[in-house]
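# Descriptive structure summary
The chain contents come next:
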Amino acid sequence: MSLFKLENVDYYYDNHVKVLDNINYEFEPSKVYAITGKSGSGKTTLLSLMSGLDKPKSGKIIYNDNDISKIDEDKYRSHHVGVVFQSFNLLPHLTAIENVVLSMDIANLKVGNKKQVALSLLNEVGLDEEKANRRILKLSGGEQQRVAIARALSFQPEVILADEPTGNLDMHNEKQITEIFRRLAHEKNKCVIIVTHSNSVAASADVVYDLEKAKENLA
Ligand SMILES: Nc1ncnc2c1ncn2[C@@H]1O[C@H](COP(=O)(O)OP(=O)(O)OP(=O)(O)O)[C@@H](O)[C@H]1O
Ligand SMILES: [Mg+2]
């Protein structure tokens, strides 16, 4: 069963140069996908379309049989897809727990003890209680990346979209983060879609989708 479907997706920016040209692809739950392709091939652009931040110029993005351009944008983003940005987009003066709780508040999540839930999400990605209570600016890059993942998980989305989630990490941290993504797909049935330049991250994925090759096949 496909959870996400790209149908004849085209996209261009103001200069009208086609960045995405007739993209067709399907994503299933319980799998890790790596989207690869050289710099400028349109990976981040594709993620921004899939996360509902922007709309295709033509074609459709179908999520659970619904065209996402017809779903309420905020609801889609705050309930169905968890996005991990390369720059994390965390609030540096708040603690890790507060960042995760904030995202639950924005999603209007009705759970009892949000702080407790946030802490257990942070524990799941390898941050203990002491680090969970630290301000973001006192955490390392790898630790901040884990907070960004915990935050993306806070409203229990079916899909995780991550743009270069290991771009700034050493190999040890990269391996641990890819393990987290694999667990989310294989044990929690999430559809995990990672944009990456790293060969080892791509090798750890269940499916590799090379945007560059997709273009060559069209040419
Ligand atoms: N806001 C924008 N306005 C105009 N052109 C843009 C804009 N954002 C991206 N582009 C162009 O669109 C193309 C695809 O960019 P995109 O960021 O999707 O590539 P990418 O595959 O993510 O690259 P990288 O691996 O370097 O992150 C590039 O040629 C880029 O210059
Ligand atoms: Mg990019």
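Refer to the structure above for everything that follows.
Described in the following lines is the structure provided in the data block.

Conventions adopted
Residues numbered from 1 in each chain as written. Chains lettered and ligands numbered in written order. Predicted model: local features only at pLDDT ≥ 70, side-chain atom pairs only at ≥ 80, totals over all residues. Heavy atoms only, no water. Helix = DSSP H or I, 4+ residues; strand = E, 2+ residues; numbered from the N terminus. Near = heavy atom within 4 Å. Polar contact = N/O pair within 3.5 Å; in protein donor to acceptor, adjacent residues only side chain to side chain. Areas by Shrake-Rupley, 256 points an atom, 1.4 Å probe, with all protein chains shown as cover. Expected span 1.5 Å × (residues − 1). Buried < 20%, exposed > 50% of the residue type's maximum accessible area, 1.4 Å probe, protein only. Arc of directions from axis to C-beta. Axes fitted to C-alpha atoms, helices over the stretch in contact; angles between N-to-C directions. Left-handed = near helix turned anticlockwise from the far one by under 90°. Contact = heavy atoms within 4.5 Å. Nonpolar A, V, L, I, M, F, W, Y, C, P; charged D, E, K, R; others polar.

### A short note on the environment of lysine 75
- Among the secondary structure elements, lysine 75 is positioned in helix 2 (residues 73-80).
- It is 9.9 Å that separates the C-alpha atoms of lysine 75 and asparagine 108, two residues lying 33 residues apart in sequence.

### Focus: the site of ligand 1
- Ligand 1 sits among Tyr13, Val19, Lys38, Ser39, Gly40, Ser41, Gly42, Lys43, Thr44, Thr45 and His197.
- Here serine 39 contributes a side-chain N or O atom positioned 2.5 Å from an oxygen atom of ligand 1.
- Contact distances for ligand 1 include 3.0 Å between an oxygen atom and a backbone N or O atom of glycine 42.
- Coverage of ligand 1 by the protein chains reaches 56% of its 640 Å² of free accessible surface.

### What about helix 7 (residues 171-188)?
- The terminal C-alpha atoms of helix 7 lie 25 Å apart, and with 18 residues this matches the ideal 26 Å at 1.5 Å per residue to within 8%.
- Residues of helix 7 that are buried: Asn173, Glu174, Ile177, Thr178, Ile180, Phe181, Leu184 and Ala185. Projected down its long axis, helix 7 carries its buried residues within an arc of 145 degrees, all on one side. In helix 7, those exposed residues whose orientation departs by more than 90 degrees from the buried face are Met171, His172, Lys175 and Glu187.

### As for the packing of helix 3 (residues 96-106) against helix 4 (residues 114-124)
- Running from N to C, helix 3 and helix 4 cross one another at 120 degrees; their axes reach a closest spacing of 9 Å. The element helix 3 and its partner helix 4 pack so that their crossing is right-handed. Here Ala96, Ile97, Val100, Val101, Met104 and Asp105 of helix 3 lie close against helix 4, whose contacting residues are Lys114, Lys115, Val117, Ala118, Leu119, Leu121 and Leu122.
- Its residues assigned to classes, the contact of helix 3 with helix 4 comprises ten nonpolar, no polar and three charged.

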